[in-house]
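Secondary and tertiary structure notes
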Amino acid sequence: MASYPENSVVKDADIIITNALVVTMDSSFRVIPSGGVAIKADKIIAVGDSKEILQAYQAPIVLDGTKKLLMPGLINCHTHSPMTIFRGYADDMPLKKWLYEYIFPVESAFINPETVQLGTRLAVAEMLRSGTTTFNDMYYYIDEMVDVVENTGIRAFLSHGLIDFPVPGCPDPEFGFRFTEEMIQTYNYHPRINVGVAVHANYSSAGEIYRKGHSLAAKYGVHFHTHLAETRWEFDLVQKEYGVTPVKYLDNLGVLDEHMVAAHCVHLTEEDIDILAEKRVGVAHNPQCNMKLASGVAPIPALLQRGVRVGIGTDGVASNNDLDLFDEMRTAAFLHKLNGNDPSLMDARTVLEMGTIGGARMLRADDQIGSVEVGKQADMIMLNLDQPHAHPIYNIYSLIIYSLRGADVDTSIVGGKVLMLNGNLMTLNEHSLYEQVEALAEKVNQKSNALIQ
């Protein structure tokens, strides 16, 4: 509990939040029943008892957290946000068919700067509404995504997906490397935007692209994003072509290190797990996408036991089909209990850690985000507890993971800016957005039969 000397000088803050149930996710997992937070500019400057915060600080904006839970904003560690425009376009099929026969063709036909902006705005609206304040993304036209991130106020790690063949906005990998380096140089010091390097996957990108991508990421110290060991098809393909597992293949290329963010990591051997741990690779777990595409169950308990940094992602909504990380965390907990035939696996606090400070560690940003602590970025959310499924409260982590939902979020704050208040988004015109998306979907439907023939 915070304490302040009597007769101390009252300090200025920009925002004070009072009377909330504060779940900090700090190193001691402090929970403050009637807690308060003071924010100055983009930083948290005080966390403690609500009365003591009010005695020590004054601010022009005071938000009442009565009957609300305040916690760190969630971190979506792997997604493709512009793909919201293809939500429900191609369902109920294996990944190879889904990707090559449906997604690549529809992207080629419809992905352009305008649709990337549109899809990203829709994704940001969905994420802010369901408690995500930071997302890690791999897609095309990331300069357009940057524009949306700047205007909406969310925090993002962005990377352009490098692939062997021409993709929207990128005629060849060399263009992609030049574009990526320019984006890194331009946004290296942005307070909310981190640009990294991405290579799509070992089945779509040559080893030399991985090597060059790794060198570029290491040159600037940025994240290096890829899909890895997602499906049995990929595992068997790499085994047949190179005689090793997908993880060992990348290890042999010399590209596995602490910069790597490896999405999925479903099909792993014991040796693979040891390699990921030894090379300090970060893993983004995407349970719902892996279930929907029948890709398999990633060995997350084993990875955590070996000390691998693991966060949670939704993947894109074309294969999930939503961006609700509360739902994703709940699924992760249930999936691994069932798969391991052990109800003690993936306990609620562990899963919440993966969705907050664990995701921050995976992105090597835990000194800035992931918990409600003094000195960190003021990225936090409040959930409405004044409803039946939020009572009674025996274990706060159980409540968050097993009972609360993304729809319970009513306030989202990123970098000290209130982006949603009492359920109202402050930086997006949702109704206009929905009309634009539906108009685009009608065009996609009209052309879809020709695309998949």
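Preceding block: the structure.
The shown structure was predicted, so the numbers you read here are calculated from the model rather than taken from an experiment.

This paragraph deals with the sheet that holds strand β9 (residues 132-139). Taken in spatial order, the eight strands make up an open sheet running β8-β9-β10-β11-β12-β13-β14-β15, and their pairing is parallel. What marks the edges here is a single partner per strand, and that holds for β8 (74-79) and β15 (309-312). Each strand of the sheet is rotated relative to its neighbour by a mean of 25°, with strand direction disregarded. Bridging between strand β14 (residues 282-285) and β15 involves four bridges; their strand directions are parallel. From the neighbouring strand, Ala284 faces β15, where its bridge partner is Gly311. Packed onto the sheet, helix α4 (residues 142-152) meets β9, β10 (155-162) and β11 (193-199) and runs at close to 170° relative to β10.

Here we take up the pairing of β11. Burial of β11 is extensive: six of the seven residues sit out of reach of the surface. Strand direction decides the pairing type here: β10 and β11, joined by seven bridges, are parallel. Looking at β11, one finds that Ser159 is bridged to Gly196. At this point the chain moves from β10, through helix α5 (residues 173-187), to the parallel β11, and the crossover so formed is right-handed.

Omega for the peptide link from His391 to Pro392 comes to -5°, which places this bond in the cis form. Following the sequence through the fold, Pro392 ends up in the loop between β16 (380-384) and α15 (396-403). For Met25, which is not glycine, the phi torsion reads 55° and is therefore positive. Tracing the backbone through its elements, the reader meets Met25 in the loop between β2 (15-23) and β3 (31-40).

Think of two packed helices as two axes; the pair is described by the angle between the axes and how far apart they sit. Packing of α5 against helix α6 (residues 207-220) leaves a shortest axis separation of 11 Å and a crossing angle of 10°. The angle between α5 and α6 places the two elements in the roughly parallel class. Along the contact surface, α5 presents Pro173, Glu174, Phe177, Thr180, Glu181, Ile184 and Gln185, while α6 presents Ile209, Lys212, Gly213, Leu216, Lys219 and Tyr220. The residue inventory of the contact of α5 with α6, partitioned by class, reads six nonpolar, three polar and four charged.

Next up on the list: the pattern of salt bridges. Scanning all chains against the criterion turns up 18 salt bridges. Salt-bridge contacts for Glu174 lead to Lys212; the nearest nitrogen and oxygen are separated by 2.7 Å. Of the two residues, Glu174 sits in helix α5 while Lys212 sits in helix α6, which places them 38 residues apart along the sequence. Classification of Lys212 by relative accessible area gives partly exposed; the value is 31%.

Turning to the side chain of His78, a few remarks are in order. Position of His78 among the secondary structure elements: in strand β8. A distance of 3.4 Å separates the side chain of His78 from the side chain of His80, its partner in a polar contact.

The periodicity of an α-helix, 3.6 residues per turn, causes residues three or four places apart in sequence to face the same way. Given a rise of 1.5 Å per residue, 15 residues ought to cover 21 Å, and the 20 Å separating the end C-alpha atoms of helix α12 (residues 325-339) matches this to within 8%. Of all the residues in α12, the buried ones are Leu325, Phe326, Glu328, Met329, Thr331, Ala332, Ala333, Leu335, His336 and Lys337. At the exit of α12 stands Asn341, carrying a positive phi of roughly 50°.

The next thing to look at is the environment of Leu276. Residue placement: Leu276 occurs in helix α9 (residues 270-278). Once the C-alpha coordinates of Leu276 and Leu323 are considered, the two residues, 47 residues apart in sequence, prove to be 27 Å apart. Excluding anything up to four places from it in sequence, Leu276 contacts Val247, Cys265, Leu268, Val281, Val283, Leu303 and Val308.

Here Leu162 lies in strand β10. Overall, Leu162 belongs to the buried group, its relative accessible area being 1%. When near neighbours in sequence (up to four residues on either side) are disregarded, Leu162 contacts Pro173, Gly176, Phe177, Val197, Ala198, Val199, His200, Ser205 and Ile209.

Note that soluble globular proteins tend to have their nonpolar side chains buried in a common cluster. In this structure, Leu69, Met71, Phe86 and Ile400 are the most contacted members of the largest nonpolar core, which totals 125 residues. For Leu69, the residues in contact, after removing those within four places along its chain, are Leu21, Val23, Ile381, Met382, Leu383, Leu385, Ile396, Leu399, Ile400 and Leu404. Ranked by size, the runner-up nonpolar core spans 16 residues in total, among them Ile32, Val47, Leu63 and Leu70.

A separate point is the packing of aromatic side chains. Tallied over the full model, the rule gives 11 aromatic pairs. Measuring from ring centre to ring centre gives 6.3 Å for Phe86 and Tyr89, while their planes differ by 50°; the resulting arrangement is tilted. Under the relative-accessibility criterion, Phe86 is labelled buried at 1%. One aromatic cluster is present, formed by Tyr100, Phe104, Phe165, Tyr203 and Trp233 through successive ring pairs.

Judged by how many residues are buried, helix α8 (residues 246-253) sits mostly within the fold: six of eight residues are covered. Where α8 is concerned, the buried positions are Pro246, Val247, Tyr249, Leu250, Asp251 and Leu253. Those residues of α8 that are buried are in contact with α6, β12 (224-228), α7 (232-242), β13 (260-264) and α9. Positive backbone phi, at 80°, marks Gly254, one or two positions downstream of α8.

Rules used throughout
Residues numbered from 1 in each chain as written. Predicted model: local features only at pLDDT ≥ 70, side-chain atom pairs only at ≥ 80, totals over all residues. Heavy atoms only, no water. Pairing = 2+ DSSP bridges. Helix = DSSP H or I, 4+ residues; strand = E, 2+ residues; numbered from the N terminus. Axes fitted to C-alpha atoms, helices over the stretch in contact; angles between N-to-C directions. Contact = heavy atoms within 4.5 Å. Buried < 20%, exposed > 50% of the residue type's maximum accessible area, 1.4 Å probe, protein only. Right-handed = clockwise from strand over helix to strand, strands pointing away. Parallel < 35°, antiparallel > 145°, perpendicular 65-115°, else oblique. Nonpolar A, V, L, I, M, F, W, Y, C, P; charged D, E, K, R; others polar. Salt bridge = Lys/Arg side-chain N within 4 Å of Asp/Glu carboxyl O. Polar contact = N/O pair within 3.5 Å; in protein donor to acceptor, adjacent residues only side chain to side chain. Expected span 1.5 Å × (residues − 1). Core = buried A, V, L, I, M, F, W, Y, C linked by side-chain atoms within 4.5 Å. Phe/Tyr/Trp six-rings, centres within 6.5 Å; stacked < 30°, edge-to-face > 60°.

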